[in-house]
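Residue-level structure breakdown
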Amino acid sequence: MSDQGRDPGRHPDVKAYATEWETAVLDGGPADGMRMRVTDRPSVVQVTYPCELEGPSGGAQAVAVYVYRRDPRVQGEPLRYGIDRASP
């Protein structure tokens, strides 16, 4: 096998990831209607919102986590991600 054109820092079995951006829209939940750009059509998108802590936190931070799953029926832009109420 020739090394010509191969990235020497990358394992040969690792696929090259696409860099084409696509528009996606979030449906439901606290980020309803939010538009964003994604690559490689991820199956899950995580949205976080900071939470206010009362009293001394010692540097700790808390965030609310919301999971959105891609609707596989939507093949063109904008991609659609719906809130997953069962996660986490």
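Refer to the structure above for everything that follows.
So, how was this worked out
- All chains use their own residue numbering, which begins from 1 and follows the written sequence.
- For this predicted model, a pLDDT threshold of at least 70 governs which residues receive local features, and a threshold of 80 or more governs which side-chain atom pairs are given and counted, while totals over whole chains, interfaces and linings are taken from all residues.
- Only hydrogens and water are set aside; all other atoms, that is, all heavy atoms of the structure, feed into the side-chain values.
- We treat two strands as partners when DSSP finds at least two bridges between them.
- Runs of H or I in DSSP of at least four residues are treated as helices and runs of E of at least two as strands, each being numbered from the N terminus.
- All axes are obtained by fitting lines to C-alpha atoms, using only the stretch in contact for helices, and the reported angles, taken between N-to-C directions, cover 0 to 180 degrees.
- Salt bridges are counted wherever a side-chain nitrogen of Lys or Arg sits within 4 Å of a carboxyl oxygen of Asp or Glu.
- Only protein chains enter the area calculation, which uses a 1.4 Å probe; residues under 20% of their type maximum are buried, those over 50% are exposed, and those in between are partly exposed.
- Residues belong to a common nonpolar core when they are buried Ala, Val, Leu, Ile, Met, Phe, Trp, Tyr or Cys residues joined through side-chain atoms within 4.5 Å.
- Polar contacts, as counted here, are pairs of nitrogen or oxygen atoms within 3.5 Å of one another; within protein the pair requires one atom able to donate a hydrogen and one able to accept it, and residues that are adjacent in sequence qualify only if both atoms are side-chain atoms.
- Any two residues whose heavy atoms approach within 4.5 Å at even a single point are treated as in contact.

With mixed pairing, 5 strands are arranged side by side in an open sheet as S2-S1-S5-S4-S3. The open sheet is flanked by strand S2 (35–39) and strand S3 (44–51), the only strands paired with a single partner. Looking at each pair of strands side by side, their axes are set apart by 40° on average, direction ignored. Taken together, the 4 bridges between strand S1 (residues 21–27) and strand S5 (residues 79–83) define a ladder with parallel strand orientation. Looking across to S5, one finds that Val-25 is bridged to Arg-80.

The subject of this paragraph is the pairing of strand S4 (residues 62–70). Taken together, the 8 bridges between S3 and S4 define a ladder with antiparallel strand orientation. Considered in S4, the bridge of Val-47 is made with Tyr-66. One ladder, built from 3 bridges, connects S4 with S5; its direction is antiparallel. Across the sheet, Arg-70 pairs through a bridge with Tyr-81, a residue of S5.

This brings us to the pattern of salt bridges. As enumerated under the stated definition, the model contains 5 salt bridges in all. Linking Asp-84 and Arg-69 is a salt bridge whose minimum nitrogen-to-oxygen distance equals 2.5 Å. Residue Asp-84 is located in the segment after S5, and its partner Arg-69 is located in strand S4; the two are separated by 15 residues in the primary sequence. Classification of Asp-84 as buried rests on a relative accessible area of 15%. One salt bridge in this structure joins Arg-73 and Asp-71, with 2.8 Å as the shortest N-O distance.

So, on to the nonpolar core. Core analysis: the biggest nonpolar cluster contains 10 residues, these being Ala-24, Leu-26, Ala-31, Met-36, Val-38, Val-45, Val-47, Tyr-68, Leu-79 and Tyr-81. Where this core is concerned, the elements lending two or more residues are S1, S2, S3 and S5.

A distance of 2.5 Å separates polar atoms of two side chains, one belonging to Asp-84 and the other to Arg-69. At 3.0 Å, the side chain of Asp-84 forms a polar contact with the backbone nitrogen of Ala-86. Each residue touching Asp-84, except ones within four places of it in the same chain, is listed here: Val-67, Tyr-68 and Arg-69.

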